[in-house]
Each structure stands twice: as C-alpha cells, then as structure tokens.
Amino acid sequence: CHTCGGKFVSWASREELTIILEREVEMNTRYTTTIDLKVPFIDKDNAKKLGAKWDEHHKVWYTNYTNPKIKDLVDNGWLSSSDITKFEQKNNIN
C-alpha cells in the first residue's frame with residue numbers, strides 16, 4: 001500500500017489486507033512469547049508432537065514459552081536451559 005496525492009491507494013483487497021495484518025500481529029507476538037529451537041529435519045515429526053511449530057518465513061522451529069512440554073524439548077536437545085534463562089531475562093520474567 002502507499003499514498004498517492006493524499007489518497008490511500010491499495011494493491012490488495014480488504015480480505016488480503018486483513019490477512020497481512022493478522023500475520024504481522026502473529027509475527028510480532030511470536031518474538032515476545034516464543035523460543036527458537038534447533039530441530040534437525042529428521043526429528044520434525046517428534047517436535048510437532050511436542051508442540052513445536054515451523055516459522056516458514058524465517059525457516060526456524062519455535063515453541064511457545066508456556067508450552068507444557070518444554071522440558072521434553074530440552075530433553076531432546078532442541079532447546080537448552082540457558083536458552084530459556086536468556087529468554088526470561090530478555091522478557092523480564094522472574
């Protein structure tokens with residue numbers, strides 16, 4: 001989208017803009033509530049079962065900080081306890 005001569009000009013339909021905005025909100029939320037994982041391709045199905053999700057745009061696996069199976073992700077070596085500590089410090093979580 002851009003402005004032209006004081007008028008708002010859109011290259012996208014209202015539905016497309018809604019989808020774009022929803023994705024932007026989701027991406028911004030993702031970075032404050034999730035932790036990136038190091039999941040080898042061979043383990044992707046197991047990671048999914050433990051609540052990991054794939055970020056197609058950044059090509060990285062991640063999980064929500066509140067994932068009840070986060071300990072299992074650590075146990076599989078896809079996340080370290082120091083990663084969790086860094087996340088908590090960065091987001092001021094006690």
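Located above this text is the structure these notes cover.
Residues numbered from 1 in each chain as written. Predicted model: local features only at pLDDT ≥ 70, side-chain atom pairs only at ≥ 80, totals over all residues. Heavy atoms only, no water.

**Q** Looking at this model, I keep getting lost on the nonpolar core. Mind explaining?
**A** In terms of nonpolar packing, the biggest core is built from 13 residues, with Ile35, Leu37, Val39, Trp78 and Leu79 touching the most fellow members. Going through the elements one at a time, strand 3 (34–37), helix 3 (70–75) and helix 4 (81–90) are the ones with two or more residues in this core. The contact partners of Val39, leaving out residues within four places of it in the chain, are Lys44, Ala47, Trp61 and Trp78. (Core = buried A, V, L, I, M, F, W, Y, C linked by side-chain atoms within 4.5 Å. Buried < 20%, exposed > 50% of the residue type's maximum accessible area, 1.4 Å probe, protein only. Helix = DSSP H or I, 4+ residues; strand = E, 2+ residues; numbered from the N terminus. Contact = heavy atoms within 4.5 Å.)

**Q** Would you mind showing me how to read the sheet that holds strand 3 here?
**A** Strand pairing in a sheet takes place through backbone hydrogen bonds and is either antiparallel or parallel in direction. In spatial order, the strands read 3-5-4; together these 3 strands make up an open sheet with antiparallel pairing. Bordering the open sheet on either side are strand 3 and strand 4 (53–55), each of which pairs with just one other strand. The average angle at which neighbouring strand axes cross in this sheet is 45°, direction not considered. (Pairing = 2+ DSSP bridges. Axes fitted to C-alpha atoms, helices over the stretch in contact; angles between N-to-C directions.)

**Q** Quick question: what am I supposed to make of helix 4 here?
**A** One turn of the α-helix equals 3.6 residues, which is why residues spaced by three or four share an orientation. Along helix 4, the positions that sit buried rather than exposed are Asp83, Ile84 and Phe87. Buried positions in helix 4, seen along its axis, are confined to an arc of 100° and lie on one side of it. Seen from the buried face of helix 4, the exposed residues on the opposite side, beyond 90 degrees, are Ser81, Lys86 and Gln89. A positive phi of about 55° marks Asn92, the residue just after helix 4. (Arc of directions from axis to C-beta.)

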